[in-house]
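# Architecture at a glance
So you can see what is in the structure, the chains are spelled out below.
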Amino acid sequence: MLLLICGLSGCKDKTLKLNHPKNIRGVISYKRSFGDLNDLQLIAAQSIGIRPASSRKAVEAMKGKLIHLEDNEYYILDSLTHSLPYLVPKASELLTHIGSNFLDSLKAKGLNPNEIIVTSVLRTLDDVRKLRHHNGNASEKSAHFYGTTFDVSWKRFEKVEEDRPMQDVSSDTLKLVLSEVLRDFRKANKCYVKYELKQGCFHITAR
């Protein structure tokens, strides 16, 4: 039964918008498809990025070279407790394109819209020292130092709210679609990607 809410602005459809999934394939193996190790990402980061900042105060002097990230229609930022929301222009553009293509892919595959969540961006030397107290895997030679690298969660996504209620899309399905998007960018030599199992993210460096 079609439920319509009518008012001065006209009638609004309040029926549940269902998913109609199609052509969702993902990649053969996350580990094999996204195995760009830190040494490789570090070379790319150093070639197009800023010089590492010792502290968050030092980042202030580099803001002319960086784009400040904010929540938008393509992605949202996590709490970023150990990083700052800045990227060099090339990496910022890559992130926007990934978010845009992800939304386009969801639509083409009959799935309701969800935004990617950025969990880590620019880190200072101080940030990494503090992070290593909690996470021994945090590298002292991090590509995150250069403003070229960001992490995108494959566990969590942000459901886009519209005027009508929408059926949820499972995180496993969203992960499959995101993997297809990242595979295409990687094949086009736009970025390096490392699948991080424990951290629950894709670790991405622009190139």
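Above this text is the structure in question.
Attention here is on the structure that accompanies the text. Think of each chain on its own: its residues are numbered from 1, step by step along the sequence as written. Confidence filtering applies because this is a predicted model: local features only for residues at pLDDT of at least 70, side-chain atom pairs given and counted only at 80 or more, and all residues used for totals across whole chains, interfaces and linings. With hydrogens and water excluded, all non-hydrogen atoms of the structure serve as input to the side-chain values.

So, on to the overall build of the chain. A count of helices and strands for the chain gives 6 helices and 9 strands. Principal-axis analysis of the C-alpha atoms gives the chain an extent of 60 × 40 × 30 Å. Here's how the labels work: a residue is buried when its accessible area is under 20% of the maximum for its type, exposed when over 50%, partly exposed in between, all with a 1.4 Å probe on protein chains only. Evaluated residue by residue, the chain yields a buried proportion of 46% over its 207 residues. By the convention used here, residues are in contact when the closest approach between their heavy atoms is within 4.5 Å. For the chain, contacts bridging at least 24 residues in sequence account for 72% of all contacts bridging at least 6. The helix and strand labels rest on DSSP assignments: H or I over at least four residues marks a helix, E over at least two residues marks a strand, and numbering proceeds from the N terminus.

Inside soluble globular proteins, nonpolar side chains tend to come together where they are buried. What makes a nonpolar core is a set of buried Ala, Val, Leu, Ile, Met, Phe, Trp, Tyr and Cys residues whose side-chain atoms join them at distances within 4.5 Å. With 44 residues, the main nonpolar core has Ile98, Phe202 and Ile204 as its most contacted residues. Contributing elements (two or more residues each) for this core: strand E4 (75-77), strand E5 (86-87), helix H4 (89-108), strand E6 (114-120), strand E7 (149-159), helix H6 (171-187), strand E8 (191-196) and strand E9 (201-206). Beyond its immediate chain neighbours, meaning those up to four positions away, Ile204 contacts Gln41, Leu94, Ile98, Thr148, Thr149, Phe150, Asp151, Val152, Leu182, Cys191, Tyr192 and Val193. Residues Leu42, Ala143, Phe145 and Tyr146 belong to the second largest nonpolar core, which totals 6 residues.

Another point: the sheet that holds E4. Taken together, 5 strands build an open sheet; the order of strands is E4-E6-E7-E9-E8 and the sheet is mixed. For this open sheet the edge positions go to E4 and E8, each flanked by a neighbour on one side alone. In this sheet, neighbouring strand axes are inclined to one another by 35 degrees on average, regardless of whether the strands run parallel or antiparallel. Two strands qualify as a pair provided that DSSP identifies no fewer than 2 bridges between them. Inspection of the sheet shows E4 paired to E6 by 3 bridges, in the parallel sense. Paired with Leu77 across the two strands is Val118, which belongs to E6. Interaxial angles span 0 to 180 degrees and are taken between N-to-C directions of axes, which are lines fitted to C-alpha atoms, for helices over the stretch in contact. Running over the sheet, helix H2 (residues 38-48) touches E7, E8 and E9 and is turned about 40 degrees from E9. Across the sheet, H4 lies against E4, E6, E7, E8 and E9, angled at about 150 degrees from E6, the strand it touches most.

It is worth spelling out the pattern of salt bridges at this point. A pair is scored as a salt bridge if a Lys or Arg side-chain nitrogen falls within 4 Å of a carboxyl oxygen belonging to Asp or Glu. A complete count under the given rule lists 10 salt bridges for this structure. As a salt-bridge pair, Arg156 and Asp78 come within 2.6 Å of each other at their nearest N and O atoms. Of this pair, Arg156 sits in strand E7 while Asp78 sits in the loop between E4 and E5, and the two are 78 residues apart along the sequence. Overall, the relative accessible area of 27% leaves Asp78 in the partly exposed class. With its nearest N and O atoms 2.4 Å apart, the salt bridge here joins Asp126 to Arg129. In this pair, Asp126 and Arg129 are both assigned in helix H5 (residues 125-134), 3 residues apart and thus about one turn of the helix distant.

Before going further, it helps to spend a moment on H6. One full turn of an α-helix is made of 3.6 residues, so residues set three or four places apart face in the same direction. Residue count minus one, scaled by 1.5 Å, sets the expected span of a helix. Here H6 is 17 residues long and its end C-alpha atoms lie 24 Å apart, about the 24 Å a rise of 1.5 Å per residue gives. Those residues of H6 lying buried are Leu174, Lys175, Val177, Leu178, Ser179, Glu180, Val181, Leu182 and Phe185. Buried residues along H6 sit in contact with helix H1 (30-33), H4, E6, E7, E8 and E9. Just beyond H6, the residue with positive phi is Asn189, at close to 60 degrees.

Each packed pair of helices is defined by two parameters, the angle between the axes and the distance between the axes. One way to put it is that H4 packs onto H6 with a least axis distance of 9 Å and a crossing angle of 130 degrees. If you check the angle between H4 and H6, you find them oblique. When you trace H4 past H6, the crossing you get is right-handed. Contacts between H4 and H6 involve Leu94, His97, Ile98, Asn101, Phe102, Ser105 and Leu106 from the first element and Leu174, Val177, Leu178, Val181, Leu182 and Phe185 from the second. Residue polarity is assigned by list, with Asp, Glu, Lys and Arg as charged and Ala, Val, Leu, Ile, Met, Phe, Trp, Tyr, Cys and Pro as nonpolar; anything else, Gly included, falls into the polar class. Classifying every residue of the contact of H4 with H6 by side-chain character gives 10 nonpolar, 3 polar and no charged. Note on terminology: angles under 35 degrees are roughly parallel, angles over 145 are roughly antiparallel, angles of 65 to 115 are roughly perpendicular, and the others are oblique. Crossing chirality is assigned from the near helix's rotation relative to the far helix, an anticlockwise turn below a right angle marking it left-handed and a clockwise turn marking it right-handed.

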